[in-house]
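Working through the structure, step by step
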Amino acid sequence: MVHILLATIIIVALIGQDKDKLITRFAFFLLFLFAALRYMYGSDYNAYLLKYGTIQSGQTDVFGDEMLFTLLNVISPSFQWVVVVTSFAFVIVVYYLITRNLPRNYVWVGLLIFIINPQLFLVNLSAMRQCLAMLLFIAAIPFAHRRKPIPYILLLLVASLFHKSSLMLIPFYLFISPRPVKAGKIIAVLAVMFVGLYLVDMVGLAQYAATFFEDTQYMHYASNELTNSLRATLLTSVYFIFVLFNLPRLKGRLLVYGKLYLISTMLGVLAFRLSMLTRIQMYFDIFSVVVIPAILIELRKEGKVKVDPSRPLASVWGCINHYALPILIFVIYGLRYYSFFTNPMWSRYFSEYRTIFEVL
C-alpha cells in the first residue's frame, strides 16, 4: 500500500509537468494527506504520542528547553493535530523549495528524489522536532544568501526551541555564499575530507557536542562509536563526487543550495568514522531535491559529450559525468529505497501504512 500511494503521487506530478500547475499542486496535496492522516506510522510516532499524553496531563518539561514544540503539544486538542500541523509545514516548505528553484517540467524529478529517498520524506516526517527545526533552517537560507546574519541567527534560535541541535547550524552562515567555486576550493574540500577521515578525533568532538547540548541520545551514539558501513560510505561518495565536480555549473541561489548539499554528502562520507553525523546531515540532505535536478538540467544544456582523441581523460570523464553518474545516482536511490523497506529496523515502522480513520 505504501509503495502504491507514493508511486501514485509521483505519477500525478509527472502528468502535470507540462500541464496546469494545479495538477502539480494536487500531487503535493496527496503527499500532505499521506503525511497528515497517518496513524501509528513511523519510528517515532508512538513515542511522540505518549509524550503528548504526558504534556496534556500537566507535565510540561518533557522536551526540556524545546519550548515551542511543547507549546504545540499544549495547544493542540489532540495528537492528530500535532501530526497535521507538522505535516502541513513540512510539505508546504518542500513545495516552495522545489517549485521556486526548478522549472515546471523538472518539479516531478525533485519530488521523485524527495519520496524515493526515505531519509528525506519518511524519516523526517517521523522526527517531528528536528523536521520543524530543519524547515526554519530552510527559511533562514535566503537571509544568509543576502548576507543578513541577524534574521538568519534569529530563525535558528527559534529553531532551537524545536530541536537544540539546530544551534550547530549558526556557523554555517560562513559557507552560505553565491561566490563561484574554483578548482582550488575543490582541492580544499578534498583535503578537509581526508583530514576528517583519518586525523580528526570524531568521537571526542561528538561527545563534547552531546554534552554541550545535553542530548543523551547523541551521547549514546558517540559513546558507542557507531560507524556507517563501507558500502554505505562508497555509495554516498558517488553523490559527493557528482556534486563536488559539478558545483561550478550552478549559480546564485542554486549554488548556495549546492554547497549545502555538498556538506550533506561530506557528513555522509565522514559517518564512516561516526554514524551520528547522519543526524546533522538531515539538515542539509533536503537540498538534494533541487541540487540534483539543477545539475542534470545544466548537463542537458551542454548537449552530448564530444569525444576528443587528443584529450582522452577529459572525454572519459565527460561521458562518466554526463551519463554514468546520473544513472548510478538513481540506481542507488532505488537500492536504498529497497534496503529501507527490507531492513527490519525500519520496515516494522514504515511498511504498513495506517490512517487515523481506524480510530475514528
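Here the structure is a predicted model, which means the values were calculated and not measured. (Residues numbered from 1 in each chain as written. Predicted model: local features only at pLDDT ≥ 70, side-chain atom pairs only at ≥ 80, totals over all residues. Heavy atoms only, no water.)

In terms of regular secondary structure, the protein is built from 18 helices and 0 strands. A separation of at least 24 residues holds for 76% of the contacts in the protein among residues at least 6 apart in sequence. As displayed, the protein has an accessible area near 17,500 Å², and 67% of this comes from carbon and sulfur atoms. (Helix = DSSP H or I, 4+ residues; strand = E, 2+ residues; numbered from the N terminus. Contact = heavy atoms within 4.5 Å. Areas by Shrake-Rupley, 256 points an atom, 1.4 Å probe, with all protein chains shown as cover.)

Tallying each qualifying case throughout the model produces 2 salt bridges. With its nearest N and O atoms 2.3 Å apart, the salt bridge here joins Arg129 to Glu66. Here the residue Arg129 occupies a position in helix 8 (residues 128-145), and Glu66 occupies one in the loop between helix 3 (45-56) and helix 4 (67-75), the gap between them amounting to 63 residues. We note that Arg129, like Glu66, is buried. (Salt bridge = Lys/Arg side-chain N within 4 Å of Asp/Glu carboxyl O. Buried < 20%, exposed > 50% of the residue type's maximum accessible area, 1.4 Å probe, protein only.)

Attention shifts here to the nonpolar core. Of all hydrophobic cores here, the largest spans 114 residues; its most connected members are Phe114, Phe137, Tyr152, Leu260, Phe284 and Phe287. Top contributing element to this core by residue count: helix 8, with 12 residues. Once residues within four sequence positions are removed from consideration, Phe114 is found in contact with Leu31, Phe90, Val94, Leu120, Phe121, Ile286 and Val289. (Core = buried A, V, L, I, M, F, W, Y, C linked by side-chain atoms within 4.5 Å.)

Now for the packing of aromatic side chains. Taken as a whole and assessed by the stated rule, the structure comprises 31 aromatic pairs. Site record: aromatic cluster; members linked through ring pairs are Phe34, Tyr41, Phe90, Phe114, Phe121, Tyr337, Phe340, Phe341, Trp346, Phe350 and Tyr353. A cation over a ring is seen here: Arg147 above Tyr173, with NZ or CZ 4.4 Å from the ring centre. (Phe/Tyr/Trp six-rings, centres within 6.5 Å; stacked < 30°, edge-to-face > 60°. Lys NZ or Arg CZ within 6 Å of the ring centre and 35° of its normal.)

With that settled, consider the environment of Val84. Along the chain, the position of Val84 falls in helix 5 (residues 79-99). Remark: the alpha-carbon pair of Val84 and Leu33, spanning 51 residues in sequence, is separated by 8.8 Å. The residues touching Val84, leaving out its near neighbours within four places in the chain, are Phe32 and Ala36.

Helix-helix packing is described using two parameters, namely the angle between the two axes and the distance between the axes. Following both chains from N to C, one finds helix 13 (residues 230-246) and helix 14 (residues 252-270) inclined at 155°, their axes separated by 9 Å at the closest point. The angle between the axes of helix 13 and helix 14 places the two elements in the roughly antiparallel class. Crossing handedness for the pair helix 13 and helix 14: left-handed. The residues of helix 14 that touch helix 13, namely those facing Thr233, Thr236, Ser237, Tyr239, Phe240, Val243 and Leu244, are Gly258, Tyr261, Leu262, Thr265, Met266, Gly268 and Val269. Residues that form the contact of helix 13 with helix 14 fall into these classes: 8 nonpolar, 6 polar and no charged. (Axes fitted to C-alpha atoms, helices over the stretch in contact; angles between N-to-C directions. Parallel < 35°, antiparallel > 145°, perpendicular 65-115°, else oblique. Left-handed = near helix turned anticlockwise from the far one by under 90°. Nonpolar A, V, L, I, M, F, W, Y, C, P; charged D, E, K, R; others polar.)

A separate point is the environment of Thr236. Relative to the helices and strands, Thr236 resides in helix 13. Separated by 35 residues in the primary sequence, Thr236 and Ala271 have C-alpha atoms spaced 9.9 Å apart.

Taken together, the side chains of Ile241, Phe245, Val316, Trp317 and Ile320 present a nonpolar region at the surface, about 400 Å² in accessible area. At the level of secondary structure, the elements contributing two or more residues to the nonpolar patch comprise helix 13 and helix 17 (312-342). Tallying contributions element by element places helix 17 first for the nonpolar patch, with 3 residues. Among the secondary structure elements, Ile320 is positioned in helix 17. Its relative accessible area of 34% is what places Ile320 among the partly exposed residues. (Patch = residues over 30% accessible without salt bridge, like charges linked within 9 Å, V, L, I, M, F, W, Y side chains within 5 Å.)

The next subject is the environment of Gly58. The topology assignment puts Gly58 in the loop between helix 3 and helix 4. Overall, the relative accessible area of 54% leaves Gly58 in the exposed class. For the pair Gly58 and Val74, spaced 16 residues apart in sequence, the C-alpha to C-alpha distance is 9.0 Å.

The next point concerns helix 8. Its 18 residues place the ends of helix 8 26 Å apart at the C-alpha level, agreeing with the 26 Å of an ideal helix rising 1.5 Å per residue. Where helix 8 bends most, at Ala139, the angle is about 25°, and the proline Pro142 comes one to four residues later. For helix 8, the buried fraction is high: 14 of the 18 residues fall into the buried class. Immediately beyond the C-terminal end of helix 8, within one or two residues, lies Arg147, with a positive phi of roughly 60°. (Expected span 1.5 Å × (residues − 1). Bend = angle between axes of the 7 residues up to and from the residue.)

The N-to-C vectors of helix 8 and helix 15 (residues 277-285) enclose an angle of 45°; their axes lie 9 Å apart at closest approach. Here helix 15 runs oblique to helix 8, going by the angle between their axes. With respect to the hand of their crossing, helix 8 and helix 15 are arranged in right-handed fashion. Of the residues in helix 15, those touching helix 8 at Gln130, Ala133, Met134 and Phe137 are Arg279, Met282, Tyr283 and Phe284. Of the residues belonging to the contact of helix 8 with helix 15, the class tally is 6 nonpolar, 1 polar and 1 charged.

This brings us to the side chain of Ser264. Looking at the secondary structure, you find Ser264 in helix 14. Here Ser264 is in contact with Gln281, Phe284 and Asp285, once residues within four sequence places are set aside.

Below, the discussion takes up helix 13. Helix length check: helix 13, at 17 residues, gives a terminal C-alpha distance of 24 Å against a target of 24 Å (1.5 Å per residue), a fit within 8%. What helix 13 keeps buried is the set Thr233, Thr236, Ser237, Val238, Tyr239, Phe240, Phe242, Val243, Leu244 and Asn246.

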